[in-house]
Amino acid sequence: MAALALADGGVIGAVDLYTTSSRGGWLGLAIASVVAFGFAWGFSQIRKFYLVLAGIISTGVLGIFVLTNNRLYNLVVPILQGEFGELNYRWVNAQVGGAMGLDHWWTGAGLGNAFLLYQNYRPITAGRLSEIIYQLHSTPVQLWAEMGIWGLGLFFGSIVFLGVILWRLRGHVKGMAREDRILLGSIYTGLVGYWALSWTDYQLDNVAISGIITILVALLAAIARQDQPQISLPFQPNPEKFLGKPRLVALGLVGIYGAVAIWLAPIQAAWERSSTGFLALRQETPDYDRFVENLTAAHDLAPWEPYYSYQLGWNLGELALQTTDLEQRQHYLQEAIQWFDQGNQASPYREFGRSNVAWLHIANNEPNLATADFYQSAQLVPAKRGIFYGLGLSLLAQDKTDLAVEAIALEILRDPPFITSPIWRGGGLGELYPAVVARVMGHYEQLLAQYPDDPLLHRCRGGIAWWIGDFALAETEFRQYFDATALSLLPGREALGQETAIALLQATWENPEKRLELLEEAWARVSPQQPLTDQQRQEFLATMANSPDFATWIRVGAPVLQYRRQRSGFNVNSRHIDGDNPTDFWTVSENLAINTWFGEFFPSVVYKPRFDLQLQPLRDSLYATLKTEINP
């Protein structure tokens, strides 16, 4: 029965590992398999031939699993080709943890502080990748960041400890009872396998995992005694000695558990109050007074947690922007700003808090305060979309036009699709457009003088040149850095690729009777898994019918997509699950046609370290000027 239960557990574990496609889990299994083979080779009574045969079969099975699992295949094959796409965010986290540990090498930044300090150490080269994290995805990196040299000593000392114990037992293993020998091998296989896995993840804050590790180490210690009785504590307490070893140990454990309980009490009480508050918002008629009362109580119980003040600030800010009563709007705005400020005080290195309170300052006619917060946000996550645009708006409201132009130009340089946004079609920003365009193209000239062979810079400049009507420059860039079919976008050129999605779009003006058919085929080319919605179909057809030609439609008439970007994972990363994930207060306005079909011409760059390093001197120049403006 025991063997059957073990086999069942092994099968279930294998199915679980294969279906979850845990890369770290497969690494741990591979290392654990090597350890198991080595242990069996050194201490098992199985014939070496059968061990070699089992090793070959196990290696083959592991190889088959890797090749037949899409997630593992897509990780391993690119690495063999010199590409590290899926590992980039781990590299970013490793850089953060490394820098944090160097700054606090003796004691570390403190357990739990990696999340709060993360963006302060996040490198400029990270771009839009891994903007915020739950943990640093590596146990040695996390321990180095939060515990300093002691954390690294614990991590590497653990594997040395296992080696020392096995070395001390090497002459006694074969003489052990078969069950003890199997148990010892299983403990070593499990612990070393998890040690290998832990390079790719951090899970020691999970009680189930750290608890099992503690139990396995205790079993290993018991086996290491080699049937000798333990002597650290007497078997029977001495009744004549009130504070003997057993009582001291018991009292010490009670004291530790008591301290943990006292420490956790306000945290758990705050969680309970906040949960009640969030339920008040989910009623048919949201009860904001009850929500504020409970979240305020939660904040008072655990003022070091920014989560409660951020949720208060965001929800009250939402209420302010939705209400039509000007007096109530002002009241809610002031409260929201105050709560965001408290959250930023508890967690000063959070771009979310800085950016969103800045948008509230703009709504509250406080552009100078908005500038200060956008300035902080830009230094934390400079590639975050919307930050430099918001900074530009705050400067424009203070009549600092040249600085506003520079800030918005930097927004476009990092996010070229922004130049196609419908916000430029009219209003006050329309008047600023020529100056912004001139500044953007001037910066491209400057950057390409420094990096003349950089294809990304050329592609960005080519797309923007086409958009603003500089067709001579666009043709130069199209011929060298784009597919030949791109030339069909230039005036008077015939389509070179009749089957491209853009060619199908252009053909809708030549064949208006087939417009719907061509539109749906063009959409399917780029979004086969997500068909056109009825609303999108109607908007496309209506705007096409009202535009004389493709060029006018794409620049002036194409449908507008408006939305607000959500902060995915905000609750989980904050170690909470009750509230809603916030959205930014900034309403994004995008050209749906450009975003759907023209990504090649307006690259939306997530992670290109070289690209962000190229742009950073321009940002630093603006920062230096703003520093004197904010702190004259």
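Residues numbered from 1 in each chain as written. Predicted model: local features only at pLDDT ≥ 70, side-chain atom pairs only at ≥ 80, totals over all residues. Heavy atoms only, no water.

Comments concerning the overall build of the protein chain
Move 1: When its secondary structure is counted, the protein chain shows 28 helices and two strands.
Move 2: Considering only contacts in the protein chain between residues 6 or more positions apart, those separated by 24 or more positions represent 64%. (Helix = DSSP H or I, 4+ residues; strand = E, 2+ residues; numbered from the N terminus. Contact = heavy atoms within 4.5 Å.)

Topic: the nonpolar core
Move 1: Formed by 108 residues in total, the largest nonpolar core has its most connected members in Trp466, Phe478, Trp553, Trp597 and Phe598.
Move 2: Filtering out sequence-adjacent residues up to four positions away, Trp553 remains in contact with Leu505, Trp509, Phe540, Thr543, Met544, Ser547, Ala558, Pro559 and Ala593. (Core = buried A, V, L, I, M, F, W, Y, C linked by side-chain atoms within 4.5 Å. Buried < 20%, exposed > 50% of the residue type's maximum accessible area, 1.4 Å probe, protein only.)

So, the side chain of Glu305
Move 1: By the element assignment, Glu305 lies in the loop between helix H12 (288–301) and helix H13 (306–322).
Move 2: One buried charged side chain, Glu305, makes no salt bridge at all; its nearest oppositely charged neighbour is Arg575, positioned 9.1 Å away.
Move 3: A distance of 2.7 Å separates polar atoms of two side chains, one belonging to Glu305 and the other to His576.
Move 4: Beyond its immediate stretch of four places on either side in the chain, Glu305 contacts Ile267 and His576. (Lys, Arg positive; Asp, Glu negative; His and termini not counted. Salt bridge = Lys/Arg side-chain N within 4 Å of Asp/Glu carboxyl O. Polar contact = N/O pair within 3.5 Å; in protein donor to acceptor, adjacent residues only side chain to side chain.)

Focus: the pairing of strand E2 (residues 588–591)
Move 1: The two faces of E2 match: Val588 and Glu590 on one face and Ser589 and Asn591 on the other face are all buried.
Move 2: With four bridges joining them, strand E1 (residues 560–563) and E2 adopt antiparallel strand pairing. Paired with Leu561 across the two strands is Glu590, which belongs to E2. (Pairing = 2+ DSSP bridges.)

Concerning a nonpolar patch on the surface
Move 1: A cluster of nonpolar side chains, contributed by Ile46, Phe49, Tyr50, Leu53, Ile57, Val61 and Phe65, occupies part of the molecular surface with about 650 Å² of accessible area.
Move 2: Tracing the sequence through the fold places Leu53 in helix H3 (residues 48–68).
Move 3: Given the relative accessible area of 40%, Leu53 is considered partly exposed. (Patch = residues over 30% accessible without salt bridge, like charges linked within 9 Å, V, L, I, M, F, W, Y side chains within 5 Å. Areas by Shrake-Rupley, 256 points an atom, 1.4 Å probe, with all protein chains shown as cover.)

Focus: the environment of Gly462
Move 1: Of note, Gly462 is situated in helix H20 (residues 455–468).
Move 2: Spatially, the C-alpha atoms of Gly462 and Gln480 are 10.0 Å apart, while their sequence positions differ by 18 residues.
Move 3: The contact partners of Gly462, leaving out residues within four places of it in the chain, are Ala474, Glu477 and Phe478.

Some points on the pattern of salt bridges
Move 1: Following the criterion strictly, the structure yields 19 salt bridges and no others.
Move 2: Taking the shortest distance from any N to any O, the salt bridge between Arg282 and Asp580 comes out at 3.3 Å. On the criterion of sequence distance, the pair formed by Arg282 in the loop between helix H11 (245–281) and H12 and Asp580 in the loop between helix H26 (570–573) and E2 is long-range, its members being 298 residues apart.
Move 3: Look at Arg282 and you get partly exposed, because its relative accessible area is 46%.
Move 4: Judged by relative accessible area, Asp580 falls into the partly exposed class, the value being 43%.
Move 5: Ionic contacts of the salt-bridge type, sharing partners, join the residues Glu351, Arg567 and Asp584 into one network.

Remarks on unusual backbone geometry
Move 1: Residue His137 is not a glycine yet carries a positive backbone phi of 60°.
Move 2: With respect to the helices and strands, the residue His137 is situated in the loop between helix H6 (113–121) and helix H7 (139–147).
Move 3: You will see that Asn365, though not glycine, has its phi angle at about 60°, which is positive.
Move 4: As for its placement among the helices and strands, Asn365 is situated in the loop between helix H15 (351–363) and helix H16 (367–380).
Move 5: Under the relative-accessibility criterion, Asn365 is labelled exposed at 68%.

Re the packing of aromatic side chains
Move 1: Going through the model one piece at a time under the given rule, you end up with 45 aromatic pairs.
Move 2: Aromatic pair Phe388 and Tyr623: ring centres 6.4 Å apart, planes at 20°, arrangement stacked. Here Tyr623 lies in helix H28 (residues 609–630) and Phe388 lies in helix H17 (residues 387–396), a separation of 235 residues in the sequence.
Move 3: Tyr623 gets classed as buried once you look at its relative accessible area, which sits at 7%.
Move 4: Judged by centre distance (6.1 Å) and plane angle (50°), the rings of Phe540 and Trp553 are tilted. Here Phe540 is found in helix H24 (residues 534–545), whereas its partner Trp553 is found in helix H25 (residues 550–557), with 13 residues between them in sequence. Accessibility assignment for this pair places Phe540 and Trp553 in one class, buried.
Move 5: Just above the ring of Trp167 sits the side chain of Arg170; from NZ or CZ to the centre is 3.8 Å.
Move 6: The ring of Trp467 has Arg555 lying over it, and the distance from NZ or CZ to the ring centre is 5.7 Å. (Phe/Tyr/Trp six-rings, centres within 6.5 Å; stacked < 30°, edge-to-face > 60°. Lys NZ or Arg CZ within 6 Å of the ring centre and 35° of its normal.)

Points about helix H10 (residues 207–224)
Side chains three or four residues apart in an α-helix point the same way, a direct result of the helix having 3.6 residues per turn.
Move 1: In this model, H10 (18 residues) spans 25 Å end to end at C-alpha, consistent with the 26 Å of a helix rising 1.5 Å per residue.
Move 2: Within H10, burial applies to Leu220, Ile223 and Ala224. On an axial view of H10, the arc spanned by its buried residues comes to 100°, and they lie on one face. Opposite the buried face of H10, at more than 90 degrees from it, the exposed residues are Val207, Thr214 and Ile215.
Move 3: Residues of H10 that are buried make contact with helix H8 (149–169) and helix H9 (178–197).
Move 4: By the N-cap criterion, in which a side-chain oxygen at the helix start approaches the backbone nitrogen of a residue two or three places on, H10 is capped by Asn206, the distance to Ala208 being 3.0 Å. (Expected span 1.5 Å × (residues − 1). Arc of directions from axis to C-beta.)

Examining the packing of helix H18 (residues 401–414) against H28
Move 1: Viewed as axis vectors pointing N to C, H18 and H28 meet at an angle of 160°, and their least axial separation amounts to 11 Å. Classified by the angle between their axes, H18 and H28 sit roughly antiparallel to one another. In the packing of H18 onto H28, the handedness of the crossing is left-handed. Along the contact surface, H18 presents Leu403, Glu406, Ala407, Leu410, Leu413 and Arg414, while H28 presents Phe611, Asp612, Leu615, Leu618, Arg619, Leu622, Thr625, Leu626 and Glu629.
Move 2: Split by residue class, the contact of H18 with H28 holds nine nonpolar, one polar and five charged. (Axes fitted to C-alpha atoms, helices over the stretch in contact; angles between N-to-C directions. Parallel < 35°, antiparallel > 145°, perpendicular 65-115°, else oblique. Left-handed = near helix turned anticlockwise from the far one by under 90°. Nonpolar A, V, L, I, M, F, W, Y, C, P; charged D, E, K, R; others polar.)

Remarks on H15
Move 1: An ideal rise of 1.5 Å per residue puts 18 Å on 13 residues; H15 measures up with 19 Å between its terminal C-alpha atoms.
Move 2: Burial runs high along H15: 11 of the 13 residues are buried.
Move 3: Along its buried surface, H15 packs onto H6, H13, helix H14 (326–346), H16, H17 and H26.
Move 4: Looking one or two places after H15, you find Asn365, whose phi comes out positive at around 60°.

Some points on the packing of H15 against H16
Move 1: Axis separation between H15 and H16 bottoms out at 8 Å; the angle between their running directions is 155°. Judged on the interaxial angle alone, H16 and H15 are roughly antiparallel. In this structure, H15 meets H16 at a crossing whose hand is left-handed. For the pair H15 and H16, the contacting residues are Glu351, Arg354, Ser355, Val357, Ala358, Trp359, His361 and Ile362 in the first and Pro367, Leu369, Ala370, Asp373, Phe374, Gln376, Ser377 and Leu380 in the second.
Move 2: Within the contact of H15 with H16, the residues separate by chemical class into nine nonpolar, four polar and three charged.

Functional significance is not addressed by these values, which are geometric in nature.
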